[in-house]
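So the chains spell out like this:
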Amino acid sequence: MPIPERLNPTFVTARSPAPRRPDPMEEARKRLIVALDVPDAASAVALVNQLENTCRWFKVGLELFVAAGPAVLDPLLKRGHSIFLDLKFHDIPNTVAAAVRSAAALGVHMITVHAAGGPAMLAAARAALDGLSDPPELLAVTVLTSMDSAQMSAIGLERSPAEQVELLARMGLAAGIRGFVCSPQEVASLRALTGPEGVLVVPGIRPAGAEIGDQKRIATPAEALRQGASFLVVGRPITQASDPAEAAEAILKEMAEALEP
Ligand code: C5P
């Protein structure tokens with residue numbers, strides 16, 4: 001299945017027309033996803049109002065979706081933005097498949113399930129999108145970027161984060177999934193595993209000097225892109241900046257420089 005341009009701005013396909021020299025700032029804009037981790041719809045709309053001339057993609061996660069419900073997506077979709085609905089489903093296969101169908105019906109462009117749900121759950125999630133004319137990209141979350149070896153060991157996982165990410169990604173690929181969420185530190189090995197078809201979405205992004213917060217496996221925007229990320233997810237460094245649009249613009253500039261041939 002060809003990858004829609006919205007979902008794979010980097011990796012032109014054999015069927016693409018001869019490439020115009022892409023504008024690096026435009027390319028960067030197509031690859032930055034701003035996490036709208038805010039408590040209510042009014043705060044989300046206020047942030048989008050500040051950012052929509054700068055950014056194209058917005059991520060709606062658990063905090064906002066649980067508070068505001070699916071209606072929070074309507075103004076974003078009406079304004080033509082791309083939406084990553086990051087609800088990280090993790091349940092029995094039948095329940096996850098039904099949730100994936102419900103999420104797809106909302107008209108969003110990316111959705112997430114936890115790869116740790118196992119092969120049967122991943123296969124059911126993928127099969128739930130079969131036959132849809134314009135399905136969202138299904139991303140399997142590998143190991144949360146807030147997890148380090150100590151956190152993993154506490155839940156009985158003695159592999160390193162890198163080994164666990166690779167195991168989960170191989171499992172996802174076997175279930176027919178080509179999109180993964182991983183930290184900047186594993187993105188190069190996942191790119192090697194998926195090839196150019198992979199849609200690799202990378203949180204844990206911190207511009208040099210930014211607050212790290214609860215993230216553990218982090219990198220700068222430029223590093224993550226050079227390692228092979230398709231998309232960068234950035235939350236607090238933009239949303240908690242005194243001027244979010246200016247912070248987004250600075251990140252986009254750094255991304256554009258990393259994308260210069
Ligand atoms: O504020 P910050 O830039 O750390 O936000 C990162 C966003 O990416 C959050 O919305 C978080 O839920 C999400 N995320 C993550 N790690 C993953 C998957 C998603 O941090 N593995």
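Residues numbered from 1 in each chain as written. Predicted model: local features only at pLDDT ≥ 70, side-chain atom pairs only at ≥ 80, totals over all residues. Heavy atoms only, no water.

Undergrad: Help me understand the site of the ligand, please; the structure alone is not making it clear to me.
TA: Around the ligand sit 17 residues, and of these D37, K59, R206, G235 and R236 come closest. In the model, an oxygen atom of the ligand is placed 2.7 Å from a nitrogen or oxygen of the K59 side chain. Protein chains shield 88% of the accessible area of the ligand, which is 470 Å² for the free molecule. Mapped onto the shell around the ligand, the elements with two or more residues apiece are strand 3 (82–89), strand 8 (231–234) and helix 11 (236–239). Taken together, the residues that form the shell around the ligand break down as eight nonpolar, three polar and six charged. (Near = heavy atom within 4 Å. Polar contact = N/O pair within 3.5 Å; in protein donor to acceptor, adjacent residues only side chain to side chain. Areas by Shrake-Rupley, 256 points an atom, 1.4 Å probe, with all protein chains shown as cover. Helix = DSSP H or I, 4+ residues; strand = E, 2+ residues; numbered from the N terminus. Nonpolar A, V, L, I, M, F, W, Y, C, P; charged D, E, K, R; others polar.)

Undergrad: How do you make sense of the nonpolar core when you look at a structure like this?
TA: Most often, soluble globular proteins have nonpolar side chains that are buried together. In this structure, L51, V60, L85, V100, V113 and L122 are the most contacted members of the largest nonpolar core, which totals 69 residues. For this core, the element with the highest residue contribution is helix 12 (residues 244–259), accounting for seven residues. Apart from residues lying up to four places away in sequence, L85 is in contact with V60, F65, L73, A103, L106, V108, M110, I111 and T112. W57, F84, M110 and V181 belong to the second-largest nonpolar core, a separate cluster that totals 12 residues. (Core = buried A, V, L, I, M, F, W, Y, C linked by side-chain atoms within 4.5 Å. Buried < 20%, exposed > 50% of the residue type's maximum accessible area, 1.4 Å probe, protein only. Contact = heavy atoms within 4.5 Å.)

Undergrad: Just to check I follow, could you spell out helix 2 (residues 41–51) for this structure?
TA: Buried within helix 2 we find A44, L47, V48 and L51. For helix 2, the buried positions fall inside an angular range of 100 degrees around the axis, keeping them on one side. On the buried face of helix 2, the contacting elements are strand 1 (32–35), strand 2 (57–61), helix 3 (62–68), helix 4 (73–78), helix 11 and helix 12. (Arc of directions from axis to C-beta.)

Undergrad: Would you mind going over the pairing of strand 8 with me for this structure?
TA: A two-sided burial pattern is seen for strand 8, the buried positions comprising F231 and V233 on one face and L232 and V234 on the other. Looking at chain direction, strand 1 and strand 8 are connected through three bridges and run parallel. By the bridge assignment, V34 is partnered in strand 8 with V234. The parallel pair strand 7 (residues 199–202) and strand 8 is bridged by helix 10 (residues 221–226), and the resulting crossover is right-handed. (Pairing = 2+ DSSP bridges. Right-handed = clockwise from strand over helix to strand, strands pointing away.)

Undergrad: Help me understand the pattern of salt bridges in this model?
TA: Pairing between side chains of opposite charge can happen when the charged atoms of each approach one another. Enumeration over the complete set of coordinates arrives at 11 salt bridges. Close ionic contact of R236 with D214 constitutes a salt bridge, the shortest N to O distance being 2.6 Å. Note that R236 is positioned in helix 11 and D214 in the loop between strand 7 and helix 10, a separation of 22 residues in sequence. In this structure D214 comes out as partly exposed when scored by relative accessible area, which is 46%. What you see here is one network of salt bridges that share partners, running through E26, R29 and R56. (Salt bridge = Lys/Arg side-chain N within 4 Å of Asp/Glu carboxyl O.)

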